[in-house]
Amino acid sequence: MIEMILGVDIGGTNIKLGIITSDGGIVEEDMIYTDAEKGPAYAAARIEDWYRKRKGDYPGIGCAGIGCAGLIDAEKGFLYYSPNLPEWVDTDLGRIFAERLDLPVTVENDVNCAAWAEYKMGSGRDSRYFVCITLGTGVGGGIVIDGRLYRGWRGFAAEIGHQVIMADGPVCSCGNRGCLEALVGAAAIVDRYLKQDDRPDSQSSGKGKISVKDIYEAAGAGDQRAAKALEETGKILGIGLANIANILDPELIAVGGGVSGSGDMILEPARITMKEHLIGDILSPVRVVPAELGNKASFLGAALLALEKY
Ligand SMILES: [Zn+2]
């Protein structure tokens, strides 16, 4: 009987990790640098270090769940593609981590992990047909159908950020044009704000100086241009949500990630546009809500998915 799980969330910059009880309680959590360019074996060694210092205190740890950004075959624990971790691709992460940690290990896409945590103990806990979207630098997704994580044929499902909204739109990180991510990701929101014509000089500081957080704080303080940039972003997001709703008929869609800190300034126009594009009133009950677990969702979900398997 597994009492505790090591949960790990590997991103391009940071690794979040923690020790989680079988009912989802966090007993320890920490963050270390990924040092992605040094490769997965180096990261695994440092995670092992972290774990060894603590495992004496928590003898109930029986498995580890690893969440990682990228296209992952969860059955094999294999990472095929990851724009954030280019040195890590084509790697058998499951084997590397299992050997290092001497534990049974699962490896899963980080947003699938976040969706699973939101489904089990966050915004989606009362629904069985649930979609979670993360808005940030990238736009990711996770899908729960009838209480099970939907991974698709090879484990690559739920790339919600790469649905094409505008075929001749801006180039996306994936190389295609007009993906949802290229239109509502953080860089697109900053662009949208900066491109507004009547912007006074006082706000004309260039790209890289303004973050999405600055924009929603400005909007909250009454800056109409910032509010308009967020509203337009929400309208585009709403088209993406309508596509999801028309295909999957979910009960609930949760929106998380850094950009979602703007709350209803993006979500309310998104709800309105989504409803305009639903195929009929029959789908209108689908609710769009903020995610609840913040940046803890991925390592929590990774741990809970490992528990599910072992
Ligand atoms: Zn794309």
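The shown structure was predicted, so the numbers you read here are calculated from the model rather than taken from an experiment.

A few words on the nonpolar core. Counting residues in hydrophobic clusters, the biggest one holds 39 residues, and the most contacted among them are I133, L237, L241 and I253. When residues of this core are traced back to their parent elements, those giving at least two are β8 (130-135), β9 (139-145), α4 (180-184), α5 (186-194), α6 (212-220), α7 (224-248), β11 (252-256) and α8 (264-277). Of all hydrophobic cores here, the second largest spans 30 residues; its members include V8, A64, L93 and L101.

So, about the packing of α5 against α7. Where α5 meets α7, the closest approach of the two axes is 9 Å, and the angle between their N-to-C directions is 135°. Here α5 lies oblique to α7, going by the angle between them. Regarding α5 and α7, the two cross each other, and that crossing is right-handed. Counting all contacts with α5, which are made through I189, R192 and Y193, the residues of α7 involved are R225, A226, A229, L230, E232, T233 and I236. A breakdown of the residues in the contact of α5 with α7 according to their chemical character gives six nonpolar, one polar and three charged.

What follows is about the packing of aromatic side chains. Summed over all chains, the structure comprises four aromatic pairs. With centroids separated by 4.9 Å and ring planes inclined at 55°, the aromatic side chains of F78 and Y80 adopt a geometry described as tilted. Relative to Y119, the ring of W116 has its centre 5.2 Å away and its plane inclined at 40°; by these criteria the two rings are tilted. Highlighted residues: W116 and Y119, both in helix α3 (residues 110-121), separated by three residues, approximately one helical turn. For Y119, a relative accessible area of 10% gives the class buried. Following the ring pairs from residue to residue traces out a cluster consisting of F78, Y80 and F156.

One can read the domain layout of the protein chain as domain 1 (4-110 + 296-309) and domain 2 (123-291). Summarising the inter-unit geometry, the C-alpha centres of domain 1 and domain 2 are found 27 Å apart. In this complex, domain 1 contributes nine residues to the contact, which on the side of domain 2 involves eight residues. Across the interface of domain 1 and domain 2, roughly 620 Å² is buried in total on both sides, 55% from carbon and sulfur atoms. Here domain 1 is connected to domain 2 by one salt bridge.

Another aspect to go through is the pairing of strand β1 (residues 4-10). Buried residues dominate β1, accounting for seven of its seven residues. Here β1 shows no split at all, with M4, L6, V8 and I10 on one side and I5, G7 and D9 on the other all buried. Taking the residues that link successive antiparallel strands as the turn, the β1-strand β2 (residues 14-21) hairpin has three residues.

In any sheet, the strands associate via hydrogen bonds between backbone groups, in a parallel or an antiparallel arrangement. Strand order in this open sheet of five strands is β10-β9-β8-β11-β12, and the pairing throughout is mixed. Only two strands of the sheet have a single neighbouring strand rather than two, namely β10 (148-149) and β12 (287-290). Across six bridges, β8 lies against β9 in antiparallel orientation. Its bridge partner being in β9, L135 is matched across the sheet by V139. Sheet strands in contact with α3 are β8, β9 and β10, and its direction is about 50° off that of β9. On the sheet, α8 packs against β11 and β12 and is oriented at approximately 165° with respect to β12.

Rules used throughout
- Residues numbered from 1 in each chain as written.
- Predicted model: local features only at pLDDT ≥ 70, side-chain atom pairs only at ≥ 80, totals over all residues.
- Heavy atoms only, no water.
- Core = buried A, V, L, I, M, F, W, Y, C linked by side-chain atoms within 4.5 Å.
- Buried < 20%, exposed > 50% of the residue type's maximum accessible area, 1.4 Å probe, protein only.
- Helix = DSSP H or I, 4+ residues; strand = E, 2+ residues; numbered from the N terminus.
- Axes fitted to C-alpha atoms, helices over the stretch in contact; angles between N-to-C directions.
- Parallel < 35°, antiparallel > 145°, perpendicular 65-115°, else oblique.
- Left-handed = near helix turned anticlockwise from the far one by under 90°.
- Contact = heavy atoms within 4.5 Å.
- Nonpolar A, V, L, I, M, F, W, Y, C, P; charged D, E, K, R; others polar.
- Phe/Tyr/Trp six-rings, centres within 6.5 Å; stacked < 30°, edge-to-face > 60°.
- Domains from an automatic or database assignment.
- Buried area = accessible area lost by both parts, 1.4 Å probe.
- Salt bridge = Lys/Arg side-chain N within 4 Å of Asp/Glu carboxyl O.
- Pairing = 2+ DSSP bridges.

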